[in-house]
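# Examination of the molecular architecture
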Amino acid sequence: MNTHPESIFQNTVQPNWENYGSLGLVVIQATTFCNLNCGYCYLPDRESKKQFNLNLIEPLFKKILSSRFLGEELTVCWHAGEPLTVPISFYDTAINKINEVVDECNDKKCLITQTIQTNGTLINQSWCDLFLKHKIDIGVSLDGPSFLHDAYRKTRTGLGTHASTMRGISYLQKNGIDVHVIAVLTQESLDYPNEIFQFFWDNGITEVGFNIEEIEGLNKSSSLKSSETETRFRNFINRFWELVVETNGEFKLREFEQLCGFIYTGERINKRDLNTPFAILNIDSQGNFSTFDPELLGVKTEIYGDFILGNIMQDTLESVCFTEKFQRMYTDVTAGVELCRSSCQYFGICGGGATSNKYWENGTMRSSETMACKYYQKIITDVILEKLEVHG
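The sections below set out a description of the structure shown in this document. What you are looking at is a predicted structure, and each value in this text was computed from that prediction instead of being measured.

Reading guide: rules and limits
Residues numbered from 1 in each chain as written. Predicted model: local features only at pLDDT ≥ 70, side-chain atom pairs only at ≥ 80, totals over all residues. Heavy atoms only, no water. Buried < 20%, exposed > 50% of the residue type's maximum accessible area, 1.4 Å probe, protein only. Helix = DSSP H or I, 4+ residues; strand = E, 2+ residues; numbered from the N terminus. Pairing = 2+ DSSP bridges. Salt bridge = Lys/Arg side-chain N within 4 Å of Asp/Glu carboxyl O. Expected span 1.5 Å × (residues − 1). Contact = heavy atoms within 4.5 Å. Core = buried A, V, L, I, M, F, W, Y, C linked by side-chain atoms within 4.5 Å. Patch = residues over 30% accessible without salt bridge, like charges linked within 9 Å, V, L, I, M, F, W, Y side chains within 5 Å. Areas by Shrake-Rupley, 256 points an atom, 1.4 Å probe, with all protein chains shown as cover. Lys, Arg positive; Asp, Glu negative; His and termini not counted. Charge placed at Lys NZ, Arg CZ, Asp CG, Glu CD. Phe/Tyr/Trp six-rings, centres within 6.5 Å; stacked < 30°, edge-to-face > 60°. Lys NZ or Arg CZ within 6 Å of the ring centre and 35° of its normal. Axes fitted to C-alpha atoms, helices over the stretch in contact; angles between N-to-C directions. Parallel < 35°, antiparallel > 145°, perpendicular 65-115°, else oblique. Left-handed = near helix turned anticlockwise from the far one by under 90°. Nonpolar A, V, L, I, M, F, W, Y, C, P; charged D, E, K, R; others polar. Polar contact = N/O pair within 3.5 Å; in protein donor to acceptor, adjacent residues only side chain to side chain.

### Things to note about the pairing of strand S1 (residues 23–29)
Extensive coverage of S1 is indicated by the burial of five of its seven residues. Looking at chain direction, S1 and strand S8 (residues 280–283) are connected through four bridges and run parallel. Its bridge partner lying in S8, Val27 is registered against Asn282.

Structure representation (structure tokens):
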């Protein structure tokens, strides 16, 4: 690794730093191990029990806090695998170490928050005590009613996990900890908008985001990849909109909130974090790091090899931007964004799509439309616009 590669890579292009950052999200793999075996999981190395090396905390956050990419606010998200399979003491130590570095080095006065994305099956009172102590925001993966959730989100012995996840959520609710849920939509989900909505509503879960079952990493196919599914997805979103509107703002679906914000304010974007260098920083358990989509960390491809750009012990975030690997990736990412800009009327609300979706669906990041953007951006936008035109 080279901390000062400018003198070595003489033929590289000087980065236009204005197009990079600002860094607002750091995704740290506490471990790649997961206690579940979900049918649509994209992650490799789910058997490995390696833990993030706590000795990496100080150099990692010193380099983050001194980076030219750092923004005004930073979210530290413990993700990948199942973060709660490591001990509570791990997070207590890690967050204390982060706070020590922040107290010493946060010259830019960046506001830093901590989040954990979990399957919820291991949450108990001790975990809630930790969440409250360190003011950690919690996201839980929950696909709705048990008959949908348990079809994909299973234990390693093939048992459904819905009851365990709901038990974990009940602990959060009893402790007054806000519950933010991410639900994965599969082909089976699309027949049940009423049931999914009512389940969340009846259980006091009113902040939800939808992910679709994506073709990504180890998940080589999706039950949603069918032209007939587009109509079914549109009908699902149409009905879900109607149900959400009936709550008079009490139920918030992430996708509706984001797109309505664009519609009401008239704001448009030219890029998004998933295709902007070092708007997102992804760190594995050994200190290797990448940027763009967190889903790219740890996977290997024929075109790009792995997506690791450097290691936090030897490299700065800026130094890897001069390497041939980064420049090749960024050239393809930029070309893909420009294809979207020149060909898609939804560009202003999408910003050029997600690099991982483009690679896994189209075979290259130098591409445009994906199934993911068709569902996430185009269909949902069309439904909302149609509803607003009719009802105001």
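### Focus: the pattern of salt bridges
A complete count under the given rule lists 13 salt bridges for this structure. In this structure, Arg341 engages Glu338 in a salt bridge whose closest nitrogen and oxygen atoms are separated by 3.1 Å. Taken together, the positions of Arg341 and Glu338, both in helix H9 (residues 324–343) and three residues apart, correspond to about one turn of that helix. Using a relative accessible area of 36% as the deciding quantity, one classes Arg341 as partly exposed. The exposure class of Glu338 is partly exposed, given its relative accessible area of 37%.

### Brief notes about H9
Taking 1.5 Å of rise per residue, the 20 residues of H9 would be expected to cover 28 Å, and the 29 Å separating its terminal C-alpha atoms lies within 8% of that figure. Burial in H9 covers these residues: Phe326, Gln327, Met329, Tyr330, Asp332, Val333, Ala335, Gly336, Val337 and Cys340.

### Things to note about helix H1 (residues 57–66)
For H1, the complete set of buried residues consists of Ile57, Pro59, Leu60, Phe61, Ile64 and Leu65. On its buried face, H1 is in contact with S1, strand S2 (70–79), helix H2 (88–105), strand S3 (111–118) and S8.

### Focus on the nonpolar core
Of all hydrophobic cores here, the largest spans 107 residues; its most connected members are Trp78, Phe131, Phe200, Phe240, Phe278 and Leu281. With nine residues, the single largest contributor to this core is helix H12 (residues 371–391). Every residue in contact with Trp78, bar those within four places of it in the chain, is listed here: Ile28, Ala30, Ile57, Pro83, Phe90, Tyr91, Ala94, Ile98, Gln114, Thr115, Ile116 and Gln117. Listed in part, the eight residues of the second largest apolar core include Cys34, Leu36, Cys38 and Tyr152.

### Examining a negative patch on the surface
A cluster of acidic side chains, namely Asp137, Asp178, Glu207 and Glu257, defines a negative patch on the protein surface. Inspection of the secondary structure puts Asp137 in strand S4 (residues 136–141).

### Brief notes about the packing of aromatic side chains
Given two aromatic rings, one states the distance between the centres and the angle between the planes to describe the pair. For the structure on display, the rule yields 32 aromatic pairs. Summarising the aromatic geometry, the rings of Trp78 and Phe90 are spaced 5.7 Å apart at their centres and angled 85° between planes, so their arrangement reads as edge-to-face. Of this pair, Trp78 sits in strand S2 while Phe90 is found in helix H2, placing the two residues 12 residues apart along the sequence. Look at Phe236 and Phe240: their rings are 5.7 Å apart centre to centre, the planes differ by 20°, and that puts the pair in the stacked class. You can see Phe236 and its partner Phe240 sitting in helix H7 (residues 227–245), four residues apart, about one turn around the helix. Aromatic rings pair up to connect Trp17, Tyr20, Phe69, Phe278, Phe289, Phe292, Phe322, Phe326 and Tyr330 into one cluster. Here the basic side chain of Lys49 rests over the ring of Phe33, its NZ or CZ set 5.0 Å away from the ring centre. Just above the ring of Tyr171 sits the side chain of Lys174; from NZ or CZ to the centre is 4.5 Å.

### Notes on the packing of H1 against H2
Packing of H1 against H2 leaves a shortest axis separation of 9 Å and a crossing angle of 40°. When the axes of H1 and H2 are compared, the pair comes out oblique. Between H1 and H2 the crossing geometry is right-handed. Along its contact with H1, which presents Ile57, Glu58, Phe61, Lys62 and Leu65, the element H2 presents Ala94, Lys97, Ile98, Val101, Val102, Glu104 and Cys105. When grouped by side-chain class, the residues that make up the contact of H1 with H2 number eight nonpolar, no polar and four charged.

### Points about the side chain of His134
With respect to the helices and strands, His134 occurs in helix H3 (residues 125–134). Within polar-contact distance, the side chain of His134 engages the side chain of Asp92 at 2.6 Å. Residue contacts for His134: discarding those within four places in its chain leaves Asp92, Ile95 and Asn96.

### Topic: unusual backbone geometry
The amide bond that connects Gly21 to the next residue, Ser22, takes the cis arrangement and shows omega of 0°. Positive phi, close to 65°, is recorded for Phe292, a residue that is not glycine. Turning to its location among the elements, Phe292 is positioned in the loop between strand S9 (288–291) and strand S10 (300–301). Judged by its relative accessible area of 0%, Phe292 is buried.

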